[in-house]
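# Architecture at a glance
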Amino acid sequence: MDPTVKMQSSSSDEAIRAVRSAMRLLLLVIFLGCLVMWAVMPTNTYREKWLLQIQANTVSTFFGGQGATMLIYTFPVLLAAVLGCVYLHLGKKLNSTNNFKSSTEEDRLALWKKPVLVKGPLGIVSMTELLFFFMFIALLLWSFLEFLHNGFHGIEATAAKKGEKLWVSKLGAAALRLGLTGNIVLTFLFFPVARGSSILPLFGLTSEGSIKYHIWLGHICLALFTSHGVCYIIRWIAKHNLLEEIREWDRTGVSILAGEISLVGGLVMWVTTFPKIRRKKFELFFYTHYLYIIFMLFFILHVGISYAFISLPGFYLFLVDRFLRFLQSQRKVRLVSARLLPCETVELNFSKTPGLQYSPMSIMFVNLPSISKLQWHPFTVTSNSNLEQENLSVVIKCDGSWSKKLHQMLSSSSSSVNHLEASIEGPYGPASTNFLGHDTLVMVSGGSGITPFISIIRELIFTSSVLKIKTPKILLISSFKNSSDLTMLELILPISNPSLDLSAMHLQIEAYVTREKEPATTENFNTLQALWFRPKATDIPASPILGPNSWLWLGAVISSSFIIFLVLIGLLTRYYIYPIDHNTGDYYPTSAQATLNVLLICISIAMAASGAVLWNRKKNTMEARQVQNIEGSSAFTSPASFYNGDKELESFHSQSLVQSTKVCYGGRPDLKRMLFECKGKSVGVLASGPKKMRHEVAAICSSGLADNLHFESISFSW
């Protein structure tokens, strides 16, 4: 590189780092400010002083009483999301080698990332996760007890005045406070499931890795809301007015019937989330989760829009993400080919534009209408956007009914499939990775758990062979049930570039076949097949829904949609709701006002998101036209030689990879010995596969017997 260009690049990187540092400080201030507001919300100081002062300064003919809530709780979160978009966009502009943390910084963070809980209801939990979990529980306990303390103040006189028993009044006060505490949990519930949100990457999280937080929050939220409802039912029974209360829909106050409908929808979702039901009847779990629409809509009708804005920021960002996903899912993506492996595994290869960039360990949701028009299934992306500019691949192991139907459709000799209609959402992945920050990288997989590691190895191949940057030593430890599963190792190298130079890489693969004691004969397996599809004119290559500058466009969508909403609700309130409230002597119905707010939020998001997508469609179309049509069909050679020895695999694209591979039969890897033998100051340990295996690896890394092991679990809990 020219020294002048290099100097300019370095100067530009330094400026970007300075801006990002300032933004980190501002985001930290916003985050701490939000925590302070949540901590003081239950207190009398906040309710009787701060809130009244804020309301006095914000109540207007344009926003009414909800203006204060939007300013305190909604605006800071949306501002953080927009700033996060800019922050992440600047991060993409940095040189790729500068995105890796230094070993010193990694050492400081190692203790906080180390697993401290391995087995139990929470799964594998790091020190950081445990700390935040206890902080969150402390916030809930503090809020409930403070709410309850203030609610019980003077309750004896209130009970006597109403002529009801003291315990009945206290039960009602406790029920209300349980609901208020549940609303705090609801505020955070939708952040982990906004797949393309900028909030999660700011904390170093991904949507698939944050699903467990959504599960935790969901259990706590519905436990509190259920207790809230049950306590009120007991109170109404004690007061002998159950039938009157459960049917009440107050015109200007709390709508009890709406709360009951919301709770019933939440309970149906909750029941289907328990592991036994979710695993055995995934489709039931999948479809009932659409009840979140009923749950949230009637919750807003129950409490009123002014109070609902406390918990709406996360849901607002989720709606933005959900509508963008909907727009992307309407495109029919060009499916180029499929590879059928002898181990009942399918690799689907999609055409993509060069502008679609993604990181290793990304996941993508796939819909095949010929199998199911409604079902979307997540799969790990195995291709690499640097090595394969025009190809996007996922690997599907045939374990469930959907995947088995796909395999049967493609492998059946009686059916000739020359076209397969497909839609995708994603890919979604981490904003940055830290693979180069380790001396050694150990990847432990079981079965189809190898798929995330394929993308990692391909990324390191690109880094080593193309960028000429030194990569860590790689040890891949893979366990398979049968010899046929070994063909999954053939996916490590991309078909499009089989002649990559692996000489600079220190790659070692140890594969274990657990249910066979010797290599199987080739007669027991089907030939590895390839199918090529004929595209339709309406099929287009996969492209980023918001273009190459997707983070900037996402920030524009969030900010512009909220501005549109403020304008629309301001005009509606000023010229329609306010005159009714103040000129006719009648109050505008709370439920109608909440419904109009929700409707305007949806309209604002649809307008902003649709505009951004249409603006970027022209560029995406131009890139799509540049992608060459891939036609024809070919047959792959039989993987017979793959099974002829227990030490080497001979069907790989490169002899270097063959020499790096060792196959053992009839046993499982001694993970403890293998991990402890890894040398280097920093050894990154990744585990993907069965729960028992991930727990075993986590227990070894957290044992304290080796300080250089840094663990990360890869789990998809959909």
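Anything mentioned here points back to the structure above.
Let me sum up the structure you'll find in this document. None of these values were measured; they are calculated from a predicted model.

### Some thoughts on the sheet that holds strand β9 (residues 440–446)
- Pairing within the open sheet is parallel, and its six strands lie in the order β13-β11-β10-β9-β14-β15. Looking at which strands have only one partner, the edges of the open sheet turn out to be β13 (661–665) and β15 (709–714). Across the sheet, the mean angle separating the axes of adjacent strands is 15° when strand polarity is ignored.
- For strand β10 (residues 473–480) and strand β11 (residues 507–513), the ladder comprises seven bridges, and the chain directions are parallel. Within the sheet, the bridge partner assigned to S479 lies in β11 and is Y512.
- Contacts from helix α18 (residues 451–465) reach β9, β10, β14 (683–688) and β15, with the element oriented near 155° to β9.

### Digging into a positive patch on the surface
- A grouping of K119, K481, R515, R668 and K692 is seen on the molecular surface, where their side chains present a positively charged patch.
- Here R515 shows up in the loop between β11 and β12 (529–532).
- Classification of R515 as exposed rests on a relative accessible area of 61%.

### Considering the pairing of β9
- For β9, a buried count of seven out of seven residues is recorded, marking the element as mostly surrounded by other parts of the structure.
- With α18 bridging β9 and its parallel neighbour β10, the resulting β-α-β unit is right-handed.
- In the sheet, β9 pairs with β14 via six bridges, with the strands oriented parallel. Residue L441 lies in a different strand from β14, and its bridge partner there is G684.

### Points about helix α5 (residues 127–152)
- Between its terminal C-alpha atoms α5 stretches 37 Å, which fits the 38 Å expected from 26 residues at 1.5 Å a residue.
- Those residues of α5 that sit buried are E129, L130, F136, L139, L140, S143, E146, F147, L148, N150 and G151.
- The positive-phi residue at the C-terminal boundary of α5 is G154, with phi of around 75°.

The rules behind the values
- Residues numbered from 1 in each chain as written.
- Predicted model: local features only at pLDDT ≥ 70, side-chain atom pairs only at ≥ 80, totals over all residues.
- Heavy atoms only, no water.
- Pairing = 2+ DSSP bridges.
- Helix = DSSP H or I, 4+ residues; strand = E, 2+ residues; numbered from the N terminus.
- Axes fitted to C-alpha atoms, helices over the stretch in contact; angles between N-to-C directions.
- Contact = heavy atoms within 4.5 Å.
- Patch = residues over 30% accessible without salt bridge, like charges linked within 9 Å, V, L, I, M, F, W, Y side chains within 5 Å.
- Areas by Shrake-Rupley, 256 points an atom, 1.4 Å probe, with all protein chains shown as cover.
- Salt bridge = Lys/Arg side-chain N within 4 Å of Asp/Glu carboxyl O.
- Lys, Arg positive; Asp, Glu negative; His and termini not counted.
- Charge placed at Lys NZ, Arg CZ, Asp CG, Glu CD.
- Buried < 20%, exposed > 50% of the residue type's maximum accessible area, 1.4 Å probe, protein only.
- Right-handed = clockwise from strand over helix to strand, strands pointing away.
- Expected span 1.5 Å × (residues − 1).

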